[in-house]
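# Fold and contact review
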Amino acid sequence: MTGSIEQGMSQTHGNTHILHFLVRLPRPMEKVWPALATEVGLAAWYTPADVLEPRLGGAVALRGVGAGRITAWDVDRVAEYTVEGGGRVRFHLERDGEDGAALRFTHEFEDERESEQRWRARFERLIELLEPGP
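Analysis parameters
- Residues numbered from 1 in each chain as written.
- Predicted model: local features only at pLDDT ≥ 70, side-chain atom pairs only at ≥ 80, totals over all residues.
- Heavy atoms only, no water.
- Salt bridge = Lys/Arg side-chain N within 4 Å of Asp/Glu carboxyl O.
- Helix = DSSP H or I, 4+ residues; strand = E, 2+ residues; numbered from the N terminus.
- Buried < 20%, exposed > 50% of the residue type's maximum accessible area, 1.4 Å probe, protein only.
- Pairing = 2+ DSSP bridges.
- Core = buried A, V, L, I, M, F, W, Y, C linked by side-chain atoms within 4.5 Å.
- Contact = heavy atoms within 4.5 Å.
- Phe/Tyr/Trp six-rings, centres within 6.5 Å; stacked < 30°, edge-to-face > 60°.
- Lys NZ or Arg CZ within 6 Å of the ring centre and 35° of its normal.

## Topic: the pattern of salt bridges
A side chain of one charge can pair with a side chain of the opposite charge when the charged atoms of the two come close. Within the structure shown, the criterion is met by 10 salt bridges. The closest approach of N and O atoms between Glu94 and Arg104, which form a salt bridge, is 3.1 Å. You can see Glu94 sitting in strand 7 (residues 87-96) and its partner Arg104 sitting in strand 8 (residues 100-109), a full 10 residues away along the chain. You can call Glu94 partly exposed: its relative accessible area is 25%.

Encoded structure:
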């Protein structure tokens, strides 16, 4: 299985922008989870996490994005980071066949710093990171 970015959707409600993606990843959920929920994993494809307390209500500080709290946490399934100035970033994993995972992604924010294209580029890095070796 190879990864793919199957859909991207952008909505605006007043000053709030919402991006949604469905990303199919070439690894099972337990192999994908560390890329979404650890300092080392996030730094490899998204941004360094200077602070990440892996639990509901734990502190999080994403470099260049903002600091805040973990507002949803279900180990191996859901990680949601809500940061001041950066909005809410939610990663929701589901099984996708025998050997894959589907990532349902949402980013809700109020500024113009983010874009669908920037997230596509990040997801391409994530897929590349997770591609099985030879």
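## A few points about the pairing of strand 6 (residues 78-83)
Along strand 6, five of the six residues are buried, which leaves the element largely enclosed by surrounding structure. Two strands pair when backbone bridges link them, and strand 5 (residues 66-74) and strand 6 are joined in this way by six bridges, in the antiparallel orientation. In the sheet register, Gly68 faces strand 6, and the bridge partner there is Val83. Between the end of strand 5 and the start of strand 6, which pair antiparallel, lie three residues, with Asp76 showing a positive phi angle near 70 degrees. Hairpin remark: strand 6 followed by strand 7, antiparallel, with three residues in the connecting loop; positive phi at Gly85, about 85 degrees.

## Some remarks on the nonpolar core
One finds Trp45, Tyr81, Leu103, Trp119, Phe123 and Leu126 to be the most contacted residues of the largest nonpolar core, which totals 36 residues. For this core, the element with the most residues is helix 1 (residues 29-37), which contributes six residues. In this structure Trp45 touches Ala35, Leu36, Phe91, Trp119, Arg122, Phe123, Arg125, Leu126 and Leu129, once residues within four positions along its chain are discounted.

## So, unusual backbone geometry
The phi torsion at Asp76 lies on the positive side, around 70 degrees, for a residue other than glycine. With respect to the helices and strands, Asp76 occurs in the loop between strand 5 and strand 6. Relative accessible area serves as the criterion here: at 31%, Asp76 is assigned to the partly exposed category.

## What to know about the packing of aromatic side chains
The relation between two aromatic rings is expressed through the spacing of the ring centres and the mutual angle of the planes. Enumeration over the complete set of coordinates arrives at 13 aromatic pairs. Between Tyr81 and Phe91, the aromatic rings sit 6.2 Å apart at their centres with planes inclined by 65 degrees, giving edge-to-face as the arrangement. Highlighted residues: Tyr81 in strand 6 and Phe91 in strand 7, separated in sequence by 10 residues. With relative accessibility at 0%, the residue Phe91 sits in the buried group. Put simply, the rings of Phe21, Trp45, Tyr46, Tyr81, Phe91, Phe105, Trp119 and Phe123 pair up and form one aromatic cluster. The ring of Trp119 has Arg122 lying over it, and the distance from NZ or CZ to the ring centre is 4.4 Å.

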